[in-house]
Amino acid sequence: MAPAAPVRKIIHVDMDMFYAAVEMRDRPELRGRPLVVGGRPDSRSVAATANYEARRYGIRSGMSCAEAKRRCPHCLFVPPDFEKYRRVSEQVHAIFREYTDLVESVSLDEAYLDVTRNRRNEPSATRLAREIKRRIFAATGLTASAGVASTMFVAKIASDARKPDGLCVVRPDRVMEFIRPLPVMRLPGVGKVTDAELARLGIRTVADLEKRPLSFLEERFGKFGRWLHDLAHGIDDTPVTPWRERLSYGAEETFARDVAKKGPLLEYLRECAGRVFADLGEEGKRARTVTLKIKYADFCVVTRRRTFGAFLASADEVFRAAGELLERTEAGQRPVRLAGIALSNFEPPRARADDGQPPLFRLSDR
Ligand code: DCP
Ligand code: MG
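Please read these numbers as outputs of a predicted model, since none were measured by experiment.

K.L.:
Please provide a residue-by-residue account of the overall build of the chain, values included.
P.N.:
Regarding its fold elements, the chain presents 14 helices and 13 strands. Here the C-alpha radius of gyration of the chain, 21 Å, is about what a compact globule of 366 residues would show, namely 21 Å. Principal-axis analysis of the C-alpha atoms gives the chain an extent of 60 × 45 × 45 Å. Scored against the burial criterion, the 366 residues of the chain give a buried share of 49%. Look at the contacts in the chain between residues 6 or more apart in sequence, and 65% of them connect residues 24 or more apart. Taking the average place of the 64 positive charges on the side chains of the chain and the average place of its 51 negative ones, the gap between the two points comes to 4 Å.

K.L.:
Please set out the site of ligand 1 residue by residue, giving values where relevant.
P.N.:
Met17, Phe18, Thr49, Tyr52 and Arg55 are the nearest of the 15 residues found near ligand 1. Measuring from an oxygen atom of ligand 1, one finds a side-chain N or O atom of Asp14 at 3.0 Å. In the environment of ligand 1, an oxygen atom lies 2.5 Å from a nitrogen or oxygen atom belonging to the side chain of Thr49. Protein coverage of the free-state accessible area of ligand 1, which is 550 Å², stands at 81%. Broken down by secondary-structure element, the contributors of at least two residues to the shell around ligand 1 are strand 1 (10–15), helix 1 (18–26), strand 3 (47–50) and helix 2 (52–55).

K.L.:
Can you lay out the coordination of the magnesium ion (ligand 2) for me, pointing to particular residues and giving the numbers?
P.N.:
Taken together, the protein donors to the magnesium ion (ligand 2) comprise Asp14 (OD), Met15 (O) and Asp109 (OD), at separations of 2.0 to 2.2 Å. Spacing between the donor residues of the magnesium ion (ligand 2) along the chain follows D-M-x93-D. Placement of the pair is Met15 in strand 1 and Asp109 in the loop between strand 5 (103–107) and strand 6 (110–114), with a sequence separation of 94 residues. Given a relative accessible area of 3%, Met15 falls into the buried group. Take Asp109: its relative accessible area is 15%, and that puts it in the buried class.

K.L.:
How would you sum up unusual backbone geometry? Please name residues and give values.
P.N.:
Note the cis peptide between Lys163 and Pro164, where omega equals -10°. By secondary structure assignment, the location of Pro164 is in the loop between helix 6 (152–161) and strand 8 (167–169). In this structure, Asn121 takes a positive phi of about 50° despite not being glycine. Phi is positive for Asp165, which is not a glycine, with a value near 55°. Residue classification places Asp165 among the partly exposed positions, given a relative accessible area of 46%.

K.L.:
Run through the environment of Gly58, naming residues and quoting values.
P.N.:
You can see Gly58 is positioned in the loop between helix 2 and helix 3 (65–71). With 201 residues separating them along the chain, Gly58 and Val259 place their C-alpha atoms 30 Å apart. In contact with Gly58, not counting residues within four places along its chain, are Met63 and Arg71.

K.L.:
Which residues make up the packing of aromatic side chains, and what are the values?
P.N.:
For any pair of aromatic rings, the description rests on two quantities: the centre-to-centre distance and the angle between the ring planes. Within the structure shown, the criterion is met by nine aromatic pairs. Geometrically, the ring pair formed by Phe221 and Phe224 is edge-to-face, given 6.4 Å between the ring centres and 70° between the ring planes. Judged by relative accessible area, Phe224 falls into the buried class, the value being 12%. Counting every residue linked through ring pairs, the aromatic cluster contains Phe18, Tyr19, Phe82, Tyr85 and Phe299. Over the aromatic face of Phe216 sits the side chain of Arg220, whose NZ or CZ is 3.8 Å from the ring centroid. The positively charged end of Arg334 is found above the aromatic ring belonging to Tyr296, 4.1 Å away from the centroid.

Parameters and conventions
- Residues numbered from 1 in each chain as written.
- Chains lettered and ligands numbered in written order.
- Predicted model: local features only at pLDDT ≥ 70, side-chain atom pairs only at ≥ 80, totals over all residues.
- Heavy atoms only, no water.
- Helix = DSSP H or I, 4+ residues; strand = E, 2+ residues; numbered from the N terminus.
- Rg over C-alpha atoms; globule rule 2.2 N^0.38 Å.
- Buried < 20%, exposed > 50% of the residue type's maximum accessible area, 1.4 Å probe, protein only.
- Contact = heavy atoms within 4.5 Å.
- Lys, Arg positive; Asp, Glu negative; His and termini not counted.
- Charge placed at Lys NZ, Arg CZ, Asp CG, Glu CD.
- Near = heavy atom within 4 Å.
- Polar contact = N/O pair within 3.5 Å; in protein donor to acceptor, adjacent residues only side chain to side chain.
- Areas by Shrake-Rupley, 256 points an atom, 1.4 Å probe, with all protein chains shown as cover.
- Donors = N, O, S within 2.8 Å, 3.2 Å for Na, K, Ca; no water.
- Phe/Tyr/Trp six-rings, centres within 6.5 Å; stacked < 30°, edge-to-face > 60°.
- Lys NZ or Arg CZ within 6 Å of the ring centre and 35° of its normal.

So, in structure tokens, the structure goes:
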């Protein structure tokens, strides 16, 4: 049996009300008032984000601007300047890379860093997180919140726990008390559908989920049951995977016209899965992680990925995984400009310390 891997140190950094914060930084007249970054209130556009003053009126990302205006008539609306946000994002990412190459960007304003080993030889991830926050502020004048934990999903939840300008550290021996009270929706991979299904079974919080045996969850959710069971016990060995590695076997395409429906997207993904699976095979490689990348018409990019306990065996498996991941995006409701699939994680699964054998279909995603 392989020895258990050392406890990892992961920092999740998320900028506070990102687009709105950039606009308030550059235009002092916007400060202290409810503000939405998005299209005009009379158009059909949606709010990309809202500052905290506007959130007090219940305004949220993704809400139509018309609805935002109804909730707060004196709210200010500012169009987004993606080029500017991209430049700020690059500044922030340059700071991350001074600490480690293991940086996984999730969006312009959010990234995971694995600092188990880092260029500063600093053993305290807490100290590093504090320093990174300070450096982001010095370079950009913007605040970020950070979460520190031994797994990606706990670090992510932690970064959200003390927003804005927060730092939340969850030590390995405190993980369970931290996650038990949370609604299951906070777990990666649990969307509205799974949430409703869990609620029918009387499972609302992580504590409820923790009480259910693995066999119970596997019976109802298949492979995904294992993932749920692991999360409910604070287990997630999804590695922080830099873009570079994820994109080495990938294909993506910007469509001639934005795609509104899921059908044509799935058609494209099927073809794309075939292509990337073949490319990988030609190199004699096998992969365990499928990443789906979606860029919406407003240039907002999301990625969703899933890591399997065994190597992906066919293009069809890749396609099915991508199709499931697509369900966890807003494709179909929001026009899509680009879609792509990447394969990564070429190492065999680590043996688990607790059951002595590598599980066949352990699966993780986010
Ligand atoms: N965004 C978007 N559409 C969404 C969600 C987000 O265009 N449905 C954009 C605008 C946000 C940025 O992505 O500023 C980051 O998203 P977050 O969810 O991190 O939200 P914020 O950074 O705005 O706020 P928070 O302080 O809660 O992180
Ligand atoms: Mg943010």
